[in-house]
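# Structural overview for review
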Amino acid sequence: MMARIASLWILAIVLPAFTAVTRAQIPPGYEIIRITDDPDHDFDATINDCGQIAWDKQLNNIFERSEIFLYDNGMTRRLTDDWIADWYPVINEEGVIAWDHRIHEYDSRIHLYEGGKITELFDGRNVALSDLGHVAFLRFAQPSCRGPAMNIFFYDGQGVQQVTPASGLAHQTPVLNAADELVWTQYDFCPNPWVSEILYQPEPDGETVQLTTGQQVPVSPKINNAGLVVWQATDYERGYQRYIQVWENGETRTVIFPGSGPELNDRGDIGFSSGAAWLYLDGEIIEIAYEDARTSMRDINNHREAVITINFEGVRDLAYMRRIRTGESDFDGDVDLDDAASLHDCLTGPGDFDRLCDCRFLDLDHDRDVDLGDFVLFQRNYTGAK
Amino acid sequence: MTARLFLILLLVLGGVLVAQVDAETRTFQPSSGVWNLAANWRDSEDRPGIPEAADTAIIPEGKTCTIDAAEAEAQIVNVESFSILYITQGAKLTIHDGTAEDCTITGLISFIAKEGQSDPGEIHCYNNVSFAGGGNLYATSGVKGRLTSRVVSDVPTTLTIAFNNVIQGYFDVEAALVNNGTVIVGGSGNVMRLMTHPKTGGSSAFWIAEGLGKIQVDAEVSGTGQWQLDANSTGNPELEINATCTDLDGYVRIGGGTMDVNASFCTTGDVEYYGGTINVASAPAGVTATFGGTCP
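First, a word on what this report is: a plain description of the structure on this page. (Residues numbered from 1 in each chain as written. Chains lettered and ligands numbered in written order. Predicted model: local features only at pLDDT ≥ 70, side-chain atom pairs only at ≥ 80, totals over all residues. Heavy atoms only, no water.)

Residues and elements named next belong to chain A. Tracing the chain through its elements places asparagine 126 in strand β10 (residues 125-129). Residue class for asparagine 126 comes out buried when judged on its relative accessible area of 12%. Of the polar contacts made by the side chain of asparagine 126, one reaches the backbone nitrogen of threonine 173; its length is 3.0 Å. Among residues more than four places away in sequence, those in contact with asparagine 126 are Asp100, Ala136, Phe137, Leu138, Gln172, Thr173 and Pro174. (Helix = DSSP H or I, 4+ residues; strand = E, 2+ residues; numbered from the N terminus. Buried < 20%, exposed > 50% of the residue type's maximum accessible area, 1.4 Å probe, protein only. Polar contact = N/O pair within 3.5 Å; in protein donor to acceptor, adjacent residues only side chain to side chain. Contact = heavy atoms within 4.5 Å.)

Taken as a whole and assessed by the stated rule, the structure comprises 24 aromatic pairs over all chains. An angle of 90° between the planes, with centres 5.2 Å apart, marks the rings of B:Phe111 and B:Phe171 as edge-to-face. Of this pair, B:Phe111 sits in strand β11 (residues 108-112) while B:Phe171 is found in strand β20 (residues 170-174), placing the two residues 60 residues apart along the sequence. Aromatic ring contacts, followed pair by pair, group A:Phe122, A:Phe137, A:Phe153 and A:Tyr155 into a single cluster. The ring of A:Phe69 carries the charged tip of A:Lys57 above its face, separated from the ring centre by 5.6 Å. Positioned over the ring face of A:Phe331 is A:Arg323, at 3.7 Å from the centre of the ring. (Phe/Tyr/Trp six-rings, centres within 6.5 Å; stacked < 30°, edge-to-face > 60°. Lys NZ or Arg CZ within 6 Å of the ring centre and 35° of its normal.)

Quick look at the sheet that holds strand β2 (residues 41-47) of chain A now. Residue and element names in this part refer to chain A. A sheet is described by the order of its strands in space; here 4 strands give the open sequence β2-β3-β4-β5, paired in antiparallel fashion. At either margin of the open sheet sits one strand with a lone partner, and together these are β2 and β5 (75-78). Within the sheet, the average angular offset between the axes of one strand and its neighbour, ignoring direction, is 25°. For strand β4 (residues 66-72) and β5, the ladder comprises 4 bridges, and the chain directions are antiparallel. (Pairing = 2+ DSSP bridges. Axes fitted to C-alpha atoms, helices over the stretch in contact; angles between N-to-C directions.)

Turning to the pattern of salt bridges, a few remarks are in order. When their charged atoms lie close together, side chains carrying opposite charge are able to pair. With the rule as written, the count across this model stands at 42 salt bridges over all chains. Residue A:Arg77 pairs with A:Asp354 through a salt bridge whose shortest N-O separation is 3.1 Å. Remark: A:Asp354 occurs in the loop between α2 (337-346) and α3 (372-381) and A:Arg77 occurs in strand β5; sequence separation between them is 277 residues. Where A:Asp81 meets A:Arg78, a salt bridge forms, and the shortest distance between an N and an O atom there is 2.7 Å. The class for A:Asp81 is exposed, based on a relative accessible area of 57%. Salt bridges sharing common partners tie together A:Arg242, B:Arg26, B:Asp43, B:Glu52 and B:Asp55. (Salt bridge = Lys/Arg side-chain N within 4 Å of Asp/Glu carboxyl O.)

Right, let's get into the interface of chain A and chain B. The partner chain B presents 49 residues to the 57 residues of chain A that form the contact. Both sides together, the interface formed by chain A and chain B hides about 4,300 Å², and carbon and sulfur atoms give 52% of it. With a closest N to O distance of 3.4 Å, A:Arg242 and B:Glu52 form a salt bridge. Residue contributions to the side of chain A that touches chain B peak at 7 residues, all from helix α1 (residues 2-21) of chain A. Considering only residue class, the side of chain A that touches chain B consists of 28 nonpolar, 16 polar and 13 charged. (Buried area = accessible area lost by both parts, 1.4 Å probe. Nonpolar A, V, L, I, M, F, W, Y, C, P; charged D, E, K, R; others polar.)

This paragraph deals with the state of the cysteines. In protein chemistry, a disulfide is the covalent bond that joins the sulfur atoms of two cysteines. Residues and elements named next belong to chain B. Tallying each qualifying case throughout the model produces 3 disulfides over all chains. What pairs with cysteine 266 in a disulfide is cysteine 295, and their sulfur atoms sit 1.9 Å apart. Taking the torsion about the S-S bond as the criterion, the cysteine 266 to cysteine 295 disulfide, at about -95°, is left-handed. Pair noted here: cysteine 266 is in strand β33 (residues 265-267) and cysteine 295 is in the segment after β36 (289-291), with a separation of 29 residues, a long-range link. Overall, the relative accessible area of 4% leaves cysteine 266 in the buried class. Residue cysteine 65 stays outside any disulfide, its sulfur separated by 14 Å from that of cysteine 103, the closest cysteine. Taking relative accessible area as the criterion, cysteine 65 reaches 0% and is therefore assigned buried. (Disulfide = S-S within 2.5 Å.)

Moving on: a nonpolar patch on the surface. Residue and element names in this part refer to chain B. Together, Val271, Tyr273, Ile278 and Val280 make up an exposed nonpolar region whose accessible area comes to about 320 Å². Secondary-structure elements contributing two or more residues to the nonpolar patch are β34 (271-273) and β35 (277-280). When its relative accessible area of 40% is taken as the criterion, valine 280 is described as partly exposed. (Patch = residues over 30% accessible without salt bridge, like charges linked within 9 Å, V, L, I, M, F, W, Y side chains within 5 Å. Areas by Shrake-Rupley, 256 points an atom, 1.4 Å probe, with all protein chains shown as cover.)

Turning our eyes to something else, we now look at the nonpolar core. Counting 84 residues, the largest nonpolar core has B:Trp35, B:Leu85, B:Ile109 and B:Phe111 as its most contacted members. Excluding residues within four positions of it along the chain, B:Leu85 makes contact with B:Trp35, B:Cys65, B:Ile67, B:Val77, B:Val79, B:Leu93, B:Leu108, B:Ile109 and B:Ser110. Among the nonpolar cores identified, the runner-up in size contains 16 residues, and A:Ala277, A:Leu281, A:Ile286 and A:Ile288 belong to it. (Core = buried A, V, L, I, M, F, W, Y, C linked by side-chain atoms within 4.5 Å.)

It is worth spelling out the environment of A:Asn302 at this point. Its location among the elements puts A:Asn302 in the loop between β26 (294-300) and β27 (306-312). Placed 253 residues apart in sequence, A:Asn302 and A:Asp49 show a C-alpha to C-alpha distance of 5.9 Å.

Turning our attention to the sheet that holds strand β18 (residues 216-223) of chain A. Consider a sheet: its strands pair through backbone hydrogen bonds, and that pairing is either parallel or antiparallel. All names here are of chain A. Across the sheet, which stays open at both edges, the 4 strands sit in the order β18-β19-β20-β21 with antiparallel pairing between neighbours. Looking at the sheet topology across the chains shown, the edges are occupied by β18 and β21 (251-256). Each adjacent strand pair in this sheet contributes to an overall mean axis angle of 30°, direction not counted. Pairing analysis gives 5 bridges linking strand β20 (residues 241-248) to β21, with the strands arranged antiparallel. Considered in β21, the bridge of isoleucine 244 is made with isoleucine 256.

Following this line, the structure appears as structure tokens:
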């Protein structure tokens, strides 16, 4: 048994690197489409289960011209237009988007896009957004040790409360799940070299739990709605390789080596980067490629759709790995009466509809509605129950 | 057998790949901001993240980054043209070894004051640093900076100043220094201490103390660089030689102020004297100051 575990461990280490030598794969039932194609860099893309993608585009590659864009089922909208940097958007399942409106280093505001309107919430940066519309973010604080201190704050739609105590440490990169469980990175810039830890707060006002002990530079935590947490750490002894660890029910294990920048969905799938964009699905590791571009992972949703950066000679565009639309809505391997019932429920008639969400899978002709045209295609693809 | 060969191939190939150093290149993003905020950097895969020990940190053209009284580290730091890296009092930048590539500074590194902090800002170099192009190193008057070389494989790392580039201000230069530009100090109470590791100057080099500034030589300096003491309306400068420097070929211009020779000083270059004082210490015995002669 131990030998088998050891072999699996070796494979876990070797496979991503080894697979990188082989050709890229796309999971069956998926396709990749390019959603931006221009000389401006596209950064920080996030995707929700409705397939809506929010990102910031740096117009003319000027930082202050970073503007927020939203892609929804074939339609792209620009949400901001000013000479103030708008960046690091996050989108929740309701289609609400929050981002940093960075006037300058010490004046950043949290902006929220909801129902077609943008509102300014309060000062802060590095925003995280839950499906309830609750927000976590950070603010600079007075250092009690040395260096820039930062604290995490939480907004529940009513008021703002400080999560981290005034310790002189720098708390950054907060992430919230739907239950307001919060994870973030705590930096201490006093020792040389500086150190970091991953912290977890299961509920607002609750105790804070430190998830890491002894890892080198653990950063970039993510948490899903099952309470699974992933982060990236660095192995100084093995060439400063980045690797990905998972924390679940009090236990930590290394799942990907090498790999960085983990993204997580509620199934426990992990998207990550290691010279390219990768997906870790049910223990299988798949490279996501797009033509000859250099790819890197941005985000994945619960439909195992992903948004990736495609980098052609330094210009960053975005591609969307989405489900191929066959008429399936429950993805049980057939197009049957269950899917027909969904089609009936999703029918919009001809038009141009935002947020079709799961009904987008039945927009078979990709014209932003579910109408008779889609019904015809559905009939052609009908297989009956299998 | 085939399976065993496959496993060996897998391990060898994987081992080679895993053994590679996974240094990241992180590029500073905003027009101005602090070093120690993850959101202010993007790596080669566009992820936010603060530079780590093995990383390359790039401050692109036109950007201003501040290490604000904190620890910062990288393996290579490239401050590009027309960009500025501010290092406040109490801040420390450690440049790690492990790469054949030097740090290149074609922008400005400037040490500045920080309220509530009195310790000097520091740069510790385990890797060579070159100031070239428009690359200069300044310290605001009254703000002390500290530059150190760390010995790597028995050799101290080197700070190199190219022709026309400048180190100016109140510094403890503990680094091995190759000066082909200008080392200059002025202003009340500002001292350029050349210490710990040897320094050398090329034919285009200047070692200048002006006004109330002082150059204090506590480690051997050699080469053909020129020495200048330039008094001005603010006061008289000082040049204090506390380490033996007898392998010099540059001329010495005394334009006011004081040159205190507490360890032997010899240059084949001439002295130009426009006023001021040259004091040669009587103790320890045998201390000499030689200009325009033959050096031992």
